[in-house]
Every structure is written in structure tokens, then in C-alpha cells.
Amino acid sequence: MLSIKDLTVNVGDKQILKGLNLEVKAGEVHAIMGPNGAGKSTLSHVLSGKAGYTITGGSIIYAGKELTELEPEMRAREGVFLAFQYPIEIPGVSNIYLLKAALNSIRKHKGQAEIDAMDFLIWVKEKIRLLDMDEKFLYRAVNEGFSGGEKKRNEILQMAVMEPKLCILDETDSGLDIDALKIVAHGVNSLRSENRAFVMITHYQRLLDYIKPDFVHVLADGKIVKSGTEELALELEEKGYNWLNEQAAV
Amino acid sequence: METKLVSYYSDSYSEHAALLSGQSVLWLQALRHAALETFAATGFPTLREEEWKYTNVTAIEKHRFKPVANSEAINAELLKTYLLDDMWNLVFVDGKFSAEHSQLDGLNNEVEFHNLAYVLATQPEKLEPYLAQAVSNDEHNFVAFNTAWFNDGLFLNIPAHQVLTKPIQILHLTVSPDCLATSRNIFVAGKNSEAQIIETFVGENAYLNTVVNEVFLAENANLTIHKLQSESKQAYHFGGTYVKQQPHARFQHHNFSFGALLARTDLHVDLETAAECSLNGLYLGVKRQHIDTHTRINHNKPHGISREFYKGILDNRARGVFQGRIVVAKDAQQTDSDMHNRNLLLSANAEVDTKPQLEIYADDVKCAHGVTVGQLEEKSIFYLQSRGINIATARNILTFAFANEMVEMVSIPTLKKLLATKLLNLLPV
Ligand SMILES: Nc1ncnc2c1ncn2[C@@H]1O[C@H](COP(=O)(O)OP(=O)(O)O)[C@@H](O)[C@H]1O
Ligand SMILES: [Mg+2]
């Protein structure tokens, strides 16, 4: 589904990603861990098409296409979804309006008619129950005045409505208490399927207790420096990221 | 010796004066005469005047606007769009009251409402306590001009304790080419009374519309005025509203400025003890429109509250001007005042001049103010794009949301709907 080869990315003159490789197949769950400033959010932004990053080398093939050639909205319509580390507040635009516009943009892209207003309401209420959110969130402005945890849940709600193929979660677990974490994990798990893949960026091994990854990667200094399974996350948690530096020095 | 004309509009006055209302009312004639003299001395305001330094009105002298005796036929479609349900509608065509198009069924008998020309012909003494009392001709020469030229308008007198169950809309429709429409309106809200007014300006062709509203709120009265300025894109609009609030009176103003080639709104509020006003507005300029708003709040006595929130959107080569002046008199202790102006520039050639001005002579007051001028935020646009929405739509959604906040403050459903529809039509596709 996603094949990243030797990706190098600059912000201005500064190289942030320094030859990153990652293979993700449909149905898989990949966790990416790594120290602050390693380039995790940069990777998620580059995948979703945010401006301000210069791709200086390598390639990103998604569903057989060079992803970087698509506008951000086309990537979204083709099934790439980013749950933002810092979701944006959009005053004056209601959640339900955005959810409907998002869903319809995808339907239109697939050549389908716009969804009927009643059908949409039923659809979205089902999703909102999945995330144990109050229905009143639908009518509030997007993320405006939401707590950190509510914003993260709202990202997953958008994901559930858009039903993407490649879900990138950038520290969705940060700032969540254990109950909220369980709810978010439940939402994510219920979306797992054999034709959908997840890339979860996280700082904490605990998320992986609730969402079982198939692979765990360590991203440090702009590269994947180590890949493994769940045990790698436990080892990292125990030994800290310095352990990697020591290994690298050997 | 050659004498240079200051203004066509003073020179041609005598030609048209006989058509104007109140010819036999001596005190009015004296008032008009004095106003004309004031105007004739210097003509329309110039860029040299501090309050007019961003707004050049010389184009008006290139036209020969004049009062219209017989109006062109009304565009029925236009009228239908603006005649709102669930309210009383008073229609003025080319500045003159049109009973034919007005709808006043069921308006409470105790509420006194007549067009000014009628009152001047029948009981002119009723106007004497109010006319030129909320604003003087010295304010600026558009006021003097209006006093000299006005022909009609509305006299609305709400008795004490009356609550109007529906809003009153004053619909100013200007349809004849080169029309000079000059209207003077007097709104009197008695003690403990409550009412909502909508003044709407629409039209076709090039014309000049000058309006002066004098508003008197007795103790504890509560009045809301909505202004929808949606004049023809070739028109010149100068509208002033001058409000006197007795103690504990409350006044709300919602000002939507969308139309005209050149538009200026003056809004002055005088607050006595514990009176409260809230002024909200949205100006939206495209192409080469010039939209100017000058507000002034005078806190004259203690415990007054004022809230002011204006937003502006300027696209293409449009220019906006906002000046919000708040004067807190020495006596006006415990004043609580808050003013904000936020502007969104959608093009590199659009421009806004915004200037909050606080003059505080009391020492125990709470006054906050803030001004912002900016573009749509890239991160917000990207967020919407990442949800599948194309960039042009994303920009529109964000612009609409910015503007719609002001529409949401309006409590009359039919007006709110009309405003939202207008916004959708006006914003760049
Ligand atoms: N817009 C930017 N301008 C300059 N430096 C940036 C920018 N975005 C990210 N960086 C830098 O790139 C590095 C990686 O950042 P980021 O991808 O946010 O890391 P992570 O998400 O792994 O904590 C950091 O050193 C950060 O300071
Ligand atoms: Mg990050």
C-alpha cells in the first residue's frame, strides 16, 4: 500500500528526513516511536501533503502512484488520512458541516452522489457512539474550545466517517488519560480491516497494549534505525532512547 | 470677478427646494437655510479633514444627482427579495414614502409612525423637539447637506412601556438614475419600551443616498437597529445614525455594509448613567469598493457599558476604513468598554485603515481594545484540504465562517437568512 524509499526532506536548508525507508501493506499496523525532534511529524506532514517541506530525494509510492504528485485534498480522497498531533480549531465551521463536506468530497471523487442528509445523520451518530462522544459535539465549531482529549477523539471521529485506507495517527495518544485512551483504541480497533493500514506515531508503549502493532520502528535523526515487533517497544520503554545512541556508537 | 462654485449641490438647491417637504414650516425653513449656508461654505468634506482623510468623496461632484419627482418602475424581484416576512415593512422609493408597497397591517395603534413629509404637512410641531437635536449641522457637511435636502423619512414614536411584537423594516429602494435620495428619520423610544428596526438600502443605477437617523432612547428603553447596506454597486451611500441614550437605556446596532461603490457609515452614541450599547458590524468590499465606518461612543456619565465588535473582509482592490472612537468623560467613572476590529484581506491589493481611538478622562474605568489585520491561516486551509476539501472551497468556507459570526448575532430569523444568502453570493467563488 505504502512504499517509502530513501526519502530525504528539507525544511529550508535543514535536512530533517535523511533517507527514510518504510513498507506498509494493507491490513498491517505499524508503530513508529522515536525521540522528540526525530522527524516523526515531518513524515506525517509530508505524507499528507503539507506545504513547507522540500522533498530532495527518494520516493513515496501509495497505491501504485507517486503520492507527492497529488494535492493534499486528492490524497485525502484517495484514502490517506492524518490524525493531527495538534488539531486545528476552525471557529464558525460546525463539526457536522466538516464531516459531511469531507464525506461528500470522497463520494464525489468515487463518482457517487452526495449523501442524503438523514442517512448522513444516522451514519455519523453511529460513529459518534463508537467514540463515546456527546452528540452535541456535532454542532460545535470544529475543535474550538475542545479539551486536548476531545480534539484527539474528534480526529478519530473524522477518520471513522471518512473510512480511509491509510491512517496516520500522529501522537493521538498524547494527553489522553487511560479511559480516553481505551475509547480511542476501541475506535481504531473497530476500523481495523484487511484492506486498511495504520501508521501510529507514539511516544508511549502503553498505546500498544490497546492497539496491537504488527511492526514497531524506531525513527531517530530522520531515519528508521531499528525495526522489530512489539518486544522492541517494551525494550525501548525500559532502556530509553539513549540505548539506541549507545548501540549506534558501538 | 469669476466666482468658483464650491458645490453643484448648493448652486442647484434653489431649483429643487420647492419640491422639498415642509415649505410652510418656518422653523424648518430657518434650519434648512442655516444648513445650506454651512454646506455652501466648504462643500463636501475633503481629505484634509481628520475624519475624512481616508475617504475621498470628490467623485460625487462629477455627477449631477437630483431629487426625482416621478420614479421609474420598481423592479418587483428586488422588492420581493427584501420585503421580509414577520415584520412591518415601510417602503421608500427614491427617498419618498410609498404607501402602495408598504405593509403595516396590525401595527399597534398606539405606536405613532408616519412619514416625515406627512408629519410636516399636518403636525410639524411634533418634530420640533427632535429634528437636529441628536446631531448638529456642524458634525460634518453631509449632515448639513441632509438637513438642507431631506424630503422624507420615518417618524417613529413608541410610547412608554410599549413592546413591539414584530420588527419594523424601513426599506429604502432607489431606482431612478442619478437620483438624489435624502432621508431623515426620527426614532423615539419611550421609557421602558422595546423595539427592533431594520433599515435596508437597495437599488439600481448610480445615485446618491444620504441618510441621517436621530434616535432618542428614554430611560430603560431597549432598541435594536439593524442596517443592511446593499446599495447598487454604482451608488454613493452616506448614512449617519446619532443616538441619545437616557439612563439605563440599551441600544444594539448591527451594521452590514455590502454594497455601494463608496459607502460611509457614521454611528454616534451618547450614553448617560448606566446606559449600555453594543455595536456590531461587518463590512465586505470587493473590486474597487470603498467602505468606511466611523463610530463614536461618548461615555458621559458613570457606569456605562459599551461593546463594539467589527469585522471587515476586503478583496481585489477594495478598501476598508474603520475608526472607532471612544470618549470617556471625567465624570464617567466605572465605565466598562470593549472594542475590537478584525480584518481579513483576501488579496494583496486590498487595503484597510483601522484606527481605534480611546480618549479617557476618568481614572476608574475598564477599557479594552484590539485590532487585527490578516489573511486566512494556512494551517486552517491545510486542515480542511486534508479532509478532502479543495483549496478554493476551503478558503470560501473559512471566509464565510469569519463573516458569519456577525450574522449569527442577529436574532431575527428572516433577516439572518437573508444575510447569510447575501454573504454566500458576495464571497469570491
Ligand atoms: N517548519 C519548520 N521549520 C524549521 N524546523 C522545523 C520545522 N518543522 C520541523 N522542524 C524541525 O525538524 C525536526 C523534526 O521535527 P518533527 O518532525 O516535528 O519531530 P517529531 O515529531 O519527531 O518530534 C525538529 O528539529 C524540528 O525543529
Ligand atoms: Mg511530532
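Given the structure is predicted, the values throughout are model-derived calculations rather than measurements.

This part is about the site of ligand 1. Residue and element names in this part refer to chain A. Every residue close to ligand 1 is listed here: Val11, Lys14, Ile16, Pro35, Asn36, Gly37, Ala38, Gly39, Lys40, Ser41 and Thr42. Within the backbone of glycine 37, an N or O atom sits 2.8 Å from an oxygen atom of ligand 1. Here an oxygen atom of ligand 1 sits 3.2 Å away from a polar atom, N or O, in the main chain of alanine 38. When the free accessible area of ligand 1 is taken as 560 Å², the share hidden by the protein chains comes to 60%. Broken down by secondary-structure element, the contributors of at least two residues to the shell around ligand 1 are strand E2 (14-24) and helix H1 (40-48). Considering each element in turn, the shell around ligand 1 owes the most residues, 3 residues, to H1. The class makeup of the residues in the shell around ligand 1 is 4 nonpolar, 5 polar and 2 charged.

Further remarks concern the coordination of the magnesium ion (ligand 2). Residues and elements named next belong to chain A. Coordination of the magnesium ion (ligand 2) by the protein involves Ser41 (OG) and Gln85 (OE1), with metal-donor separations of 2.1 to 2.3 Å. Of this pair, serine 41 sits in helix H1 while glutamine 85 is found in the loop between strand E6 (80-83) and strand E7 (90-94), placing the two residues 44 residues apart along the sequence. Like serine 41, the residue glutamine 85 is buried in the burial classification.

Here we take up the domain arrangement of chain B. Residue and element names in this part refer to chain B. Domain annotation of chain B identifies domain 1 (3-272) and domain 2 (382-429). When each unit is reduced to the centre of its C-alpha atoms, the spacing between domain 1 and domain 2 is 31 Å. A combined buried area of about 1,200 Å² lies between domain 1 and domain 2, and 80% of that area is made up of carbon and sulfur atoms. On the domain 1 side of the interface with domain 2, the three residues burying the most area are Leu84, Phe256 and Phe258, jointly 40% of the side's total. The tally of links from domain 1 across to domain 2 stands at 0 salt bridges.

This paragraph deals with the interface of chain B and chain A. Contact residues are listed per partner, giving 15 residues for chain B and 27 residues for chain A. Buried area between chain B and chain A, both sides added, is near 1,700 Å², and the carbon and sulfur share of it is 68%. Interface area lost by chain B to chain A is led by Phe382, Tyr383 and Arg387 of chain B, which between them contribute 45%. The tally of links from chain B across to chain A stands at 1 salt bridge. When the shortest N-O distance is used, the salt bridge between glutamate 155 of chain A and arginine 387 of chain B registers 2.7 Å. In this assembly, chain B and chain A are joined by 10 residue pairs in polar contact (both at pLDDT 80 or more). When residues of the side of chain B that touches chain A are traced back to their parent elements, those giving at least two are helix H7 (378-385) and helix H8 (391-408) of chain B. By residue number, the principal contributor to the side of chain B that touches chain A is H7 of chain B, which donates 6 residues.

Rules used in this analysis
- Residues numbered from 1 in each chain as written.
- Chains lettered and ligands numbered in written order.
- Predicted model: local features only at pLDDT ≥ 70, side-chain atom pairs only at ≥ 80, totals over all residues.
- Heavy atoms only, no water.
- Near = heavy atom within 4 Å.
- Polar contact = N/O pair within 3.5 Å; in protein donor to acceptor, adjacent residues only side chain to side chain.
- Areas by Shrake-Rupley, 256 points an atom, 1.4 Å probe, with all protein chains shown as cover.
- Helix = DSSP H or I, 4+ residues; strand = E, 2+ residues; numbered from the N terminus.
- Nonpolar A, V, L, I, M, F, W, Y, C, P; charged D, E, K, R; others polar.
- Donors = N, O, S within 2.8 Å, 3.2 Å for Na, K, Ca; no water.
- Buried < 20%, exposed > 50% of the residue type's maximum accessible area, 1.4 Å probe, protein only.
- Domains from an automatic or database assignment.
- Buried area = accessible area lost by both parts, 1.4 Å probe.
- Salt bridge = Lys/Arg side-chain N within 4 Å of Asp/Glu carboxyl O.
- Contact = heavy atoms within 4.5 Å.

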